[in-house]
Amino acid sequence: MLLEMSEILEPITSDPSVRMIVLYRIDGTPILAKIRKRDLTILGILYWLENQIRDALYHIFNKDLDDLSFKFRDVLVKMYPVSRTLVLTLIVDENASLYKLEADVESVCMKIRELI
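Residues numbered from 1 in each chain as written. Predicted model: local features only at pLDDT ≥ 70, side-chain atom pairs only at ≥ 80, totals over all residues. Heavy atoms only, no water.

Q: Describe the nonpolar core, naming the residues involved and giving the relevant values.
A: Within soluble globular proteins, side chains that are nonpolar generally end up buried alongside one another. Judged by nonpolar contacts, the single largest core of 21 residues is most densely connected at Ile12, Leu23, Leu88, Leu90 and Ile112. Mapped by element, the contributors of at least two residues to this core are α1 (2-8), β1 (18-25), β4 (75-81), β5 (86-93) and α4 (98-115). Excluding residues within four positions of it along the chain, Ile12 makes contact with Val18, Ile21, Leu88, Leu90, Leu101, Asp104, Val105 and Val108. Counting 18 residues, the second-largest nonpolar core is a separate cluster that includes Met20, Leu46, Leu49 and Ile91. (Core = buried A, V, L, I, M, F, W, Y, C linked by side-chain atoms within 4.5 Å. Buried < 20%, exposed > 50% of the residue type's maximum accessible area, 1.4 Å probe, protein only. Helix = DSSP H or I, 4+ residues; strand = E, 2+ residues; numbered from the N terminus. Contact = heavy atoms within 4.5 Å.)

Below you can see the structure in the form of structure tokens.
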């Protein structure tokens, strides 16, 4: 199933503006992570996410949000609920084409919902 999810995420991971993509369970456990290039910014954000993921997921699900976004220096962190138990998190360059990215995310979320 992880291999199938990895293949489903390929359109997003192939986007050069996407630095990292992680699929989290609602309890904050990462299920699948793909990092384009390791750098200190990404590692700092990952550390922050580890400590904040439960609170962020609580707000997404209990406030019925479509997504949640944070800006750190030159990157955006975007979190999208996939199902009641999964959240897709992206770290993208701040100048990324969000229109195309949003369309890809919508498609990917639908495919993952069908898979689970």
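What follows picks up the thread again.
Q: Break down the side chain of Asp104 for me, citing the residues and quoting the values.
A: Mapped onto the fold, Asp104 is located in helix α4. The residues touching Asp104, leaving out its near neighbours within four places in the chain, are Pro11 and Ile12.

Q: Break down the sheet that holds β1 for me, with residues and values.
A: Taken in spatial order, the five strands make up an open sheet running β2-β1-β5-β4-β3, and their pairing is antiparallel. Looking at strand neighbours, the two that pair on one side only are β2 (30-35) and β3 (68-72), the edges of this open sheet. Averaged over all adjacent pairs, the angle separating strand axes in this sheet is 15°, with direction ignored. Here β1 pairs with β5 via seven bridges, running antiparallel. Each residue of the ladder has a partner; that of Val18, found in β5, is Val92. (Pairing = 2+ DSSP bridges. Axes fitted to C-alpha atoms, helices over the stretch in contact; angles between N-to-C directions.)

Q: How would you explain the environment of Asp55 if you had to name every residue and give the values?
A: Relative to the assigned elements, Asp55 resides in helix α3 (residues 40-62). Since its relative accessible area comes to 48%, Asp55 is described here as partly exposed. Spatially, the C-alpha atom of Asp55 lies 18 Å from that of Phe72, the residues being 17 residues apart in sequence.

Q: Explain the pairing of β1 to me, and be specific about the residues and the numbers.
A: Taken across its eight residues, β1 has seven buried, putting it largely inside the fold. Here β1 runs beside β2; their pairing, made up of five bridges, is antiparallel. Paired with Tyr24 across the bridge in β2 is Pro30. Here β1 folds back onto β2 in antiparallel fashion, the turn holding four residues, of which Gly28 has a positive phi close to 95°.

Q: Give me the lowdown on α4, citing residues and values where you can.
A: For an α-helix the count is 3.6 residues per turn, leaving residues at separations of three or four pointing the same way. Spanning 18 residues, α4 covers 25 Å between terminal C-alpha atoms, matching the ideal 26 Å at 1.5 Å per step. Buried within α4 we find Leu101, Asp104, Val105, Val108, Cys109 and Ile112. Projected onto a plane normal to the axis of α4, the buried residues spread over an arc of 140° and lie on a single side. Among the exposed residues of α4, those oriented more than 90 degrees off its buried face are Tyr99 and Glu114. For α4, the secondary structure elements touched by its buried residues are α1, α2 (10-13), β1, β4 and β5. (Expected span 1.5 Å × (residues − 1). Arc of directions from axis to C-beta.)

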